[in-house]
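Spelled out from the first residue to the last, the chains are:
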Amino acid sequence: MDASVDRIARPWGTRTPYGRHESWPARVDTYLQDGVEPDAVQRWVQAASVLHSDGDAMDIAVRDGRMVGVRGRAQDRVNRGRLGPKDLFGWQANASSDRLTRPLIRRDGRLVECDWDTAMERVVARSRDLLDERGPGSVGFYTSGQLFLEEYYTLAVLARAGIGTDHLDGNTRLCTSTAAEALKESFGCDGQPGCFDDFDHADVIALFGHNLAETQPVQWMRVLDRLAGGDPPRLLCVDPRPTPVARHAAVHLAPRLGTNVALLNALLHEIVRTDRVDHDFVAAHTVGFEELVSRVERCTPEWAAGICDVPAARIREAAELLGSADRLLSTVLQGVYQSHQATAAAVQVNNLHLVRGMLGRPGAGVLQMNGQPTAQNTRECGADGDLPGFRNWQNESHVADLARVWNVEPRTIPHYAPPTPAMQMFRYAEQGSIRMLWISGTNPAVSLPELSRIRSVLAQDRLFVVVQDLFLTETAHLADVVLPAAAWGEKTGTLTNADRTVHLSEKAVEPPGEARPDLDVFLDYAARMDFRDKDGGPLITWHDPESAFEAWKRCSAGRPCDYTGLTYDRLRGTSGIQWPCDDEAPDGTSRLYTDGIDWAHPDVCESYGKDLVTGAESEAVEYRSLNPDGKAVIKAAEYLPPHEMPDEEHPFQLTTGRTVYHFHTRTKTARAPQLNAAAPDAWVEASAADAAALGAAEGDLVEVETPRGRLRGRLRVTGIREGLLFVPFHYGYWDTEAGHAPDGDTPGRAANETTVTDWDPVSKQPLFKTAAAALRLVERGGGKAAPAPTTAASAPSRPDSVPPTTGGPAAAVTHAADPAWDDRAEDAR
């Protein structure tokens, strides 16, 4: 039966309850443009979402060469036909009138249109000059979490073996580099141990700093459906905001920012004290347990309560929940990754699972989640600070193996030091050693911390900036060359979601004007630069997405992320498939570590580990001494206070985050009318007590100030913990009246005007959730509400005081899977 559902007012749609160990029922979500009936759709083209890390499978509706809608794919293992609000409406940005359609170059201080040859020759000329004058270290590449696997891999080859630079990273450094580091610290290798199917089987689901309802809305639908069914799971939520997860939790802990390690050590203390330890698993599969026991011995709930400002009794309740679980699933995201001691805290979540033996079984797993749609691909392909195929840059045999795949000499591949993380790249650009920075698919002039500093770096005359994007973003405004890129739905490629599921996303329509797929741009650059292998042949031998995928398969062979069993044809018309997929697992692999730890041996591990306090790299001999048999490492961590604490001038803590209606810096979602109307502008959240002390009320204009800068927004009074302010990070300046960042000392609206240039020593992930801040009232709101949604974590503490967020009936829902949906789907070959 079909029903029209307002998916702005009800972001997670209607319920399809199911019981524990049952299959999640299908529910097909569909949105077609006004006036387009289903029978008028001429083609349905297979794709998957690139507006979060779920990898929701969908079909794109095409009529007269245009996108006219989307629907979920009922047979897909990830979403079973469901789509979140960004999936349903975000595709409309493709048809925006302000898409970039021709290259731009800076001439006499202005960006002017030109042809592709002119733009690319300017890029190539600067590249060659810098290589001749300053060497490969003068060139850097900063890419996205939204491109396709084939594009990242091509970029990794041309950067590392063509240019020979160590300066290649992705904006995944901002969201999930800590996930990768935590997995490497515990298991010797990246790759999620668990999978989304574990939501179907767990009796306890623990979410650490993870607002699942807004960052992965379809998996929150899965949890809601379990909660509505038989034998529902119990939830533990660790989050300082009253998120939807918190409202459904059996236990909600709202710790003071920067204290995650103290809280987790107290939870581990209780697990050990009450002997909820799987001693057989620990003995067979781990090293380091005794050190952990010693480290957490004094970390009582009372000790943690004084640090975290959470009642000791509630910490004990949480520990009891974790300790009594039959099958525990834990998820982790930005509340850990972007906060103080990020990797140390994420590793302690892994430790909970290792100590309890909660790995490798349905419902017993950990998801060190991703934030961006193709973050996993940047890590696999070597586009974010790792060597491709999860190879270890410190292991000469791994480097030699990669050199064999690329047919280059091992010395060609820079491995004299760790690959350069993004924040260090911008520092090198600031200092002048990097003189060319190629930015593809990301907007650092809004997304990086301390924006005044980032703008000054990008605006330097000596730095040659290339920006490859869909729109004239805040970053593109500062570029020397702007290259118009094709968007999702306008190109073909594969993407891998947060639980290792690989999907194929096919080209549905042509890109506008002269815009080109990112892969075509990288291939063009490599050809113009004439990169060669050691035998004098072309370094890059592929020419289109499918041949690039086949090349990647050769690179992945025998590695943890083995793709050799996958082909484009296998991925067409069916569900996504999880890697590793090879001769031993031809249908993919649901869970890792079902029979011990596979990739932690010193000869094969991706990393020898780092010191959790300093980030110093361990050497091979040290790792081999600690872990000669390749077991999981239980790595203890000591709590350390945050670097920046509130004081008399800045009495609040400031955190930043996301809303269910927007993605990254809104370059796409703000151009979708329903999404933009739901959250049109930035806001500031404060508790009722803090608002009252300030004499402020809902909708008043307030100013947030830190030692870096100021921003203004309308006040939303919520159930957030006292002493904490929240600002969404999505908002920049392209859609403001001025169209650019404020000049001088004028307050902005971007959250990162205020955040600190600081990062986790292990993962090098910036810390967006640690600033000390002041709050002041600027002017009364005159009864207006803040532009914050009422549907999720930003819901007002007094719901009757604010008009509810709505979007009008929009999305059709089919509660029974209809095989005809899939019979009508066509590929776009």
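Summarised in this report is the structure supplied together with it. (Residues numbered from 1 in each chain as written. Predicted model: local features only at pLDDT ≥ 70, side-chain atom pairs only at ≥ 80, totals over all residues. Heavy atoms only, no water.)

Some words on the overall build of the protein
Applicable threshold: Think of it this way: any DSSP run of H or I at least four residues long counts as a helix, any run of E at least two long counts as a strand, and we number them from the N terminus. Atoms considered for the radius of gyration are the C-alpha atoms alone. The globule rule reads 2.2 Å times the number of residues to the power 0.38. Throughout this description, buried means an accessible area under 20% of the type-specific maximum (1.4 Å probe, protein chains only), exposed means over 50%, and partly exposed covers the range between. By definition in these notes, contact holds between two residues if any of their heavy atoms fall within 4.5 Å. In this description, accessible areas are obtained by the Shrake-Rupley approach with a 1.4 Å probe, and a residue is regarded as covered only by the protein chains that are shown. Only four residue types enter the charge count: Lys and Arg as positive, Asp and Glu as negative, with His and the chain ends excluded. Taken as the charge centre is NZ of Lys, CZ of Arg, CG of Asp or CD of Glu, depending on the residue.
Along the protein, the regular secondary structure elements total 26 helices and 30 strands. A compact globule built from 829 residues should have a C-alpha radius of gyration of about 28 Å, and the protein, at 25 Å, falls within 12% of that. In terms of overall dimensions, the protein has a C-alpha envelope of 65 × 65 × 60 Å along the principal axes. Taking all 829 residues of the protein together, the buried fraction comes to 68%. Taking as baseline every contact in the protein between residues at least 6 positions apart, the subset at least 24 positions apart corresponds to 76%. Within the structure as shown, the protein displays about 26,300 Å² of accessible surface, and the carbon and sulfur contribution to it stands at 48%. Side chains of the protein give 86 positive and 117 negative charges; the mean places of these two sets differ by 2 Å.

Some words on the side chain of Glu 150
To keep it simple, the criterion reads: For this document, the term salt bridge refers to a Lys or Arg side-chain nitrogen within 4 Å of an Asp or Glu carboxyl oxygen. The definition of a polar contact used here is a pair of N or O atoms within 3.5 Å, where within protein one atom must be able to donate a hydrogen and the other to accept one, and adjacent residues in sequence count solely through side-chain atom pairs.
Its location among the elements puts Glu 150 in helix α3 (residues 149-163). Of the side chains with opposite charge, Lys 491 comes closest to the buried, unpaired Glu 150, at an N-O distance of 8.5 Å. In this structure the side chain of Glu 150 is engaged in a polar contact, spanning 2.8 Å, whose partner is the side chain of Thr 494. The contact partners of Glu 150, leaving out residues within four places of it in the chain, are Gly 493, Thr 494, Leu 519, Pro 545, Ala 548, Phe 549 and Tyr 568.

Topic: helix α10 (residues 289-296)
Rule in force here: Taken from the helix axis, the directions to the C-beta atoms give the arc we talk about.
All of the buried residues along α10 are Phe 289, Leu 292 and Val 296. For α10, the angular spread of buried residues about the axis comes to 60°, placing them on one side. Check the buried side of α10 and you find it contacts α8 (260-273), α9 (279-285), β13 (286-287) and α14 (342-356).

Observations regarding helix α6 (residues 217-227)
Here α6 lies mainly inside the structure; ten of its eleven residues are buried. When α6 is considered as a whole, its buried residues turn out to be Pro 217, Val 218, Gln 219, Trp 220, Met 221, Arg 222, Val 223, Leu 224, Asp 225 and Arg 226. Residues of α6 that are buried sit in contact with α1 (85-89), β10 (204-208), α5 (212-215), β11 (234-238) and α7 (244-248).

Quick word on the pairing of strand β7 (residues 110-113)
Selection criterion: One bridge is not enough; two strands pair if DSSP finds at least two bridges between them.
Bridge analysis of strand β6 (residues 104-107) against β7 gives four bridges, and the strand direction is antiparallel. Of the residues in β7, the one forming a bridge with Ile 105 is Val 112.

Everything listed here is a matter of coordinates, which is why it stays silent on function.
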